[in-house]
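Descriptive analysis of the structure
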Amino acid sequence: MELPRFHRLRGPFYRLEGNACAACSLRFFPPRPVCPACRGNGLPSFAFSGRGTLYSWSRVLQPARGYASMAPYLVGMVRLEEGPLVSAQLADADGVDLTIGMPVEMVTRRLRDADEHGYIVYGYKFRPLLRETRKQP
Ligand SMILES: [Zn+2]
């Protein structure tokens, strides 16, 4: 990814910033210029909570260029609690028994290997939201 493009996407990548339609209150991630439901435009930004549930997931064994050092890795689709369905890598899931519908939360992590210019791109991933498992005395 070119650095100027990444700079423009830092809101969505770091803060899970999408937008919401003022007319019909639908919410979008990534942000859209026009609401597909009512054709409203000039949609104000909306910061998603980062909480959601795991909708689907898979393990990637043959990584795309730029992801070789992470393979094998998990990717998932997450239904945000505000509505949108988002695809992302899953983090901190080694040894976790992933199940559809389990709660997840957004975290900021390195997304891919450094490119030929040395840029390291960070962005959102989702990790399982685990219950505290401390033993009772
Ligand atoms: Zn709308």
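Okay, so let's go over this structure. (Residues numbered from 1 in each chain as written. Predicted model: local features only at pLDDT ≥ 70, side-chain atom pairs only at ≥ 80, totals over all residues. Heavy atoms only, no water.)

1. Thoughts on the overall build of the chain
When its secondary structure is counted, the chain shows two helices and eight strands. Taken from N to C terminus, the helices and strands of the chain fall in the order α-α-β-β-β-β-β-β-β-β. Taking the principal axes of its C-alpha atoms as reference, the chain extends roughly 50 × 45 × 25 Å. For the chain, the share of sequence-separated contacts (at least 6 apart) that also reach a separation of at least 24 residues comes to 50%. Of the roughly 8900 Å² of accessible surface on the chain, 51% is carried by carbon and sulfur atoms. Positive and negative side-chain charges of the chain, numbering 19 and 12 respectively, have mean locations separated by a distance of 4 Å. (Helix = DSSP H or I, 4+ residues; strand = E, 2+ residues; numbered from the N terminus. Contact = heavy atoms within 4.5 Å. Areas by Shrake-Rupley, 256 points an atom, 1.4 Å probe, with all protein chains shown as cover. Lys, Arg positive; Asp, Glu negative; His and termini not counted. Charge placed at Lys NZ, Arg CZ, Asp CG, Glu CD.)

2. Notes on the coordination of the zinc ion
Distances from the zinc ion to its protein donors, Cys21 (SG), Cys24 (SG), Cys35 (SG) and Cys38 (SG), fall at 2.2 to 2.3 Å. Taken together, the four donor atoms coordinating the zinc ion and their angles of 97 to 124° define a geometry best described as tetrahedral. Donor residues for the zinc ion sit on one chain with the sequence pattern C-x2-C-x10-C-x2-C. Placement of Cys21 in the loop between strand 1 (17-20) and strand 2 (27-28) and of Cys35 in the loop between strand 2 and strand 3 (45-47) is noted, with a sequence separation of 14 residues between them. The pair Cys21 / Cys35 is uniform in exposure class, with both members buried. (Donors = N, O, S within 2.8 Å, 3.2 Å for Na, K, Ca; no water. Tetrahedral: all angles 85-135°; square planar, octahedral: opposite > 155°, others 65-115°. Buried < 20%, exposed > 50% of the residue type's maximum accessible area, 1.4 Å probe, protein only.)

3. Topic: the sheet that holds strand 2
Spatial strand order, 2-1-3: three strands in an open sheet with antiparallel pairing. Looking at which strands have only one partner, the edges of the open sheet turn out to be strand 2 and strand 3. As paired strands, strand 1 and strand 2 are joined by two bridges and run antiparallel to one another. Opposite Asn19, over in strand 2, you have Phe28 as the bridge partner. (Pairing = 2+ DSSP bridges.)

4. Some details on the packing of aromatic side chains
Considering all chains together, one arrives at six aromatic pairs under this definition. On the basis of an interplanar angle of 85° and a centroid distance of 6.0 Å, the ring pair of Phe29 and Phe48 is categorised as edge-to-face. Of the two residues, Phe29 sits in the loop between strand 2 and strand 3 while Phe48 sits in the loop between strand 3 and strand 4 (51-60), which places them 19 residues apart along the sequence. As far as the burial class goes, Phe29 and Phe48 line up, both buried. Plain terms: the ring middles of Phe29 and Tyr124 are 5.4 Å apart, the flat faces sit at 75° to each other, and that makes the pair edge-to-face. In this pair, Phe29 is assigned in the loop between strand 2 and strand 3 and Tyr124 in strand 8 (residues 122-128), connecting sequence segments 95 residues apart. By way of ring pairs, the aromatic residues Phe13, Phe29, Phe46, Phe48, Tyr124 and Phe126 are connected into one cluster. (Phe/Tyr/Trp six-rings, centres within 6.5 Å; stacked < 30°, edge-to-face > 60°.)

5. With respect to the environment of Leu54
By secondary structure assignment, the location of Leu54 is in strand 4. Put simply, Leu54 and Arg127 are 73 residues apart on the chain and 9.5 Å apart in space, counted from C-alpha to C-alpha.

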